[in-house]
Amino acid sequence: MASESTQYLVERRESNHLSLNVRLIVGLSVGLRLIAALYLGNTVDVLPGIFDQVSYHALALRVLGGHGFSFEHASWPMTAAGAPTAHWSFLYTLYLTAVYALFGPNPLVARIIQAVIVGVLHPWLAYLLGKRVFGERAGLLAAAFTAVYIYFIYYSAALMTEPFYITAILGALYGLLWLRDVEPGRERRWALAAGLALGVAVLLRQLFLLLIPFLLLWLWAVRYYDGRRAGAGRRGLKDLLFGQRAPWRSSAVIVGLVILMILPFTVYNYGRFGRFVLLNTNAGFAFFWGNHPIYGTRFQGILTPEMGSYQSLIPEELRGLDEPALEQALMKRGLQFVVDDPGRYTLLSLSRVPVYFLFWPSAESGIVSNISRVGSFGLFLPLMLAGLIYSLANRKMRRRTFGNASLLLLFAVLYTVVHLLSWALVRYRLPVDAILLLYAGLAAEAVWVWLVSRRSPSLGSEGI
């Protein structure tokens, strides 16, 4: 009885200690992001990597003034003054509009609110994900790395979709991991949570729609695999589709909720444009510009003066079209580039790899960009790679973690491939960074255990 009581007290003390560490990490995260918000201030300027905040700010002011989703002046990408636009995230614009309606057109207030929300949720979700996949200590280290990651600090205060978008992705992945283990018939709460997070991610970045079918396929596959291991069904298509662990209910709730979240904007777009526009009108522009023959076989994130402007690449005969028609026409042209020269498209896609994974200083970048890049991705990349290799190469670790880790890897690979095939910039990689930091936490834990084992073998053996 005494030993059981002692064990309980030890576990309770460790739990309180970990809880305190999580609170300290979250506090650090919020503090750093508030500093970034104060640094960016109450003006909205063109700054490295966050030019879109200028458009979101102007769009929110127009909505607040009763002019709807439009710009006072001709705006990116080819939107005429006063013309309706669906190029930008409706959800994020409405967030800014709501803040401005309550507190006046003060960007600093929107930055502060955003910094606090993301400062709490992002490292907390990193901790929960890391804990669920790799263990308590790895999750704690992943949360700490997330809190101090310069890219995340910088973007958390920018008036753009990135901070909420990345947080929604982590929430969706965590919900899907819970759906793997929840008992059949009791998954409604987690299905609603996962569906809500996926819906928010889609409303912030339409591209995420492409990933949802694959994430649900993962859920089906892993539930089927777990059922087989538990002896709950026989091998075969019938068991996959109609076995007791087949996640029909979860999938229906998730898909239904995402559709319900998109539908109001689809109806709204039809009323304005007189044609079907699912959500946003940006995919065609991005694919056309990202695969234009002007690049040859070497992609560049920003056009040089010799190459002209993005707008100058749009054929003259298409410029009179409204935004949705132009977006669809450009998508057709972009796909035709691929059909006309698939070899060039392949080499061009491969050339996007160093642009997407850039971690070294560049002469074309300013000091802020170089410090952010080297001080975040460049600094943590060795740990990210070490954790990834360790999780796959170590048999014991792979056996213990691969089921859940496969979701993380699936997301990271698919998200990377989508951008390598279309348009690659460093900021588009940030959701993948959020996942790779979980692996950095695993690597840091392995190093810690190794160091402890050298000093005290009996303690080190209690680690991984």
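Bear in mind the structure is a predicted one, so any value in this text is a computation, not a measurement.

So, how was this worked out
Residues numbered from 1 in each chain as written. Predicted model: local features only at pLDDT ≥ 70, side-chain atom pairs only at ≥ 80, totals over all residues. Heavy atoms only, no water. Helix = DSSP H or I, 4+ residues; strand = E, 2+ residues; numbered from the N terminus. Rg over C-alpha atoms; globule rule 2.2 N^0.38 Å. Buried < 20%, exposed > 50% of the residue type's maximum accessible area, 1.4 Å probe, protein only. Contact = heavy atoms within 4.5 Å. Expected span 1.5 Å × (residues − 1). Patch = residues over 30% accessible without salt bridge, like charges linked within 9 Å, V, L, I, M, F, W, Y side chains within 5 Å. Areas by Shrake-Rupley, 256 points an atom, 1.4 Å probe, with all protein chains shown as cover. Salt bridge = Lys/Arg side-chain N within 4 Å of Asp/Glu carboxyl O. pLDDT = per-residue confidence, 0-100. Axes fitted to C-alpha atoms, helices over the stretch in contact; angles between N-to-C directions. Parallel < 35°, antiparallel > 145°, perpendicular 65-115°, else oblique. Left-handed = near helix turned anticlockwise from the far one by under 90°. Nonpolar A, V, L, I, M, F, W, Y, C, P; charged D, E, K, R; others polar.

Our next topic: the overall build of the protein. When you go through the protein residue by residue, the secondary structure sums to 18 helices and zero strands. Over its C-alpha trace the protein gives a radius of gyration of 24 Å, about what one expects of a compact globule, namely 23 Å for 464 residues. If you line up the protein on its principal axes, its C-alpha atoms span 80 × 55 × 50 Å. Burial analysis of the protein (464 residues in total) assigns 51% to the buried set. Considering only contacts within the protein whose residues lie at least 6 apart along the sequence, 73% involve residues at least 24 apart.

So, about helix α2 (residues 52-64). Taking 1.5 Å of rise per residue, the 13 residues of α2 would be expected to cover 18 Å, and the 18 Å separating its terminal C-alpha atoms lies within 8% of that figure. Here α2 has its buried residues at Asp52, Gln53, Ser55, Tyr56, His57, Leu59, Ala60, Arg62 and Val63. Next to the buried residues of α2 lie α3 (90-103) and α4 (107-134).

On the surface, a cluster of nonpolar side chains totalling about 540 Å² of accessible area is made up of Leu38, Ile112, Val116, Ile117, Val120, Leu121 and Trp124. The dominant element in the nonpolar patch, judged by the number of residues it contributes, is α4, at six residues. Position of Trp124 relative to the elements: it lies in helix α4.

Summary statistics for the protein give a mean pLDDT of 90 and a share of 91% for residues scoring 70 or more. For the protein, per-element mean pLDDT is lowest for helix α18 (residues 457-460), which scores 53, and highest for α3, which scores 98. Segment residues 459-464: pLDDT under 50, and 13 contacts once partners within four positions in sequence are set aside and those in other chains are kept.

Packing of helix α16 (residues 395-420) against helix α17 (residues 430-455) brings their axes to within 9 Å, and their N-to-C directions diverge by 155°. As the angle between them shows, α16 and α17 are arranged roughly antiparallel. Two packed elements cross with a definite hand, and for α16 against α17 that hand is left-handed. In this structure, α16 uses Met397, Ala405, Leu408, Leu409, Phe411, Ala412, Tyr415 and Thr416 to contact α17, whose residues at the interface are Pro431, Val432, Ile435, Leu438, Tyr439 and Leu442. A class-by-class count of the residues in the contact of α16 with α17 yields 13 nonpolar, one polar and no charged.

With respect to the element layout, Pro123 can be found in helix α4. Of the residues examined, Pro123 reaches a relative accessible area of 1% and is grouped as buried. If near-sequence neighbours (up to four positions away) are discounted, Pro123 is found in contact with Ile25, Val26, Ser29, Val118, Ala143 and Thr146.

So, about the environment of Ile367. Tracing the sequence through the fold places Ile367 in helix α15 (residues 367-393). Residues Ile367 and Leu216, 151 residues apart in the sequence, show an inter-C-alpha distance of 42 Å.

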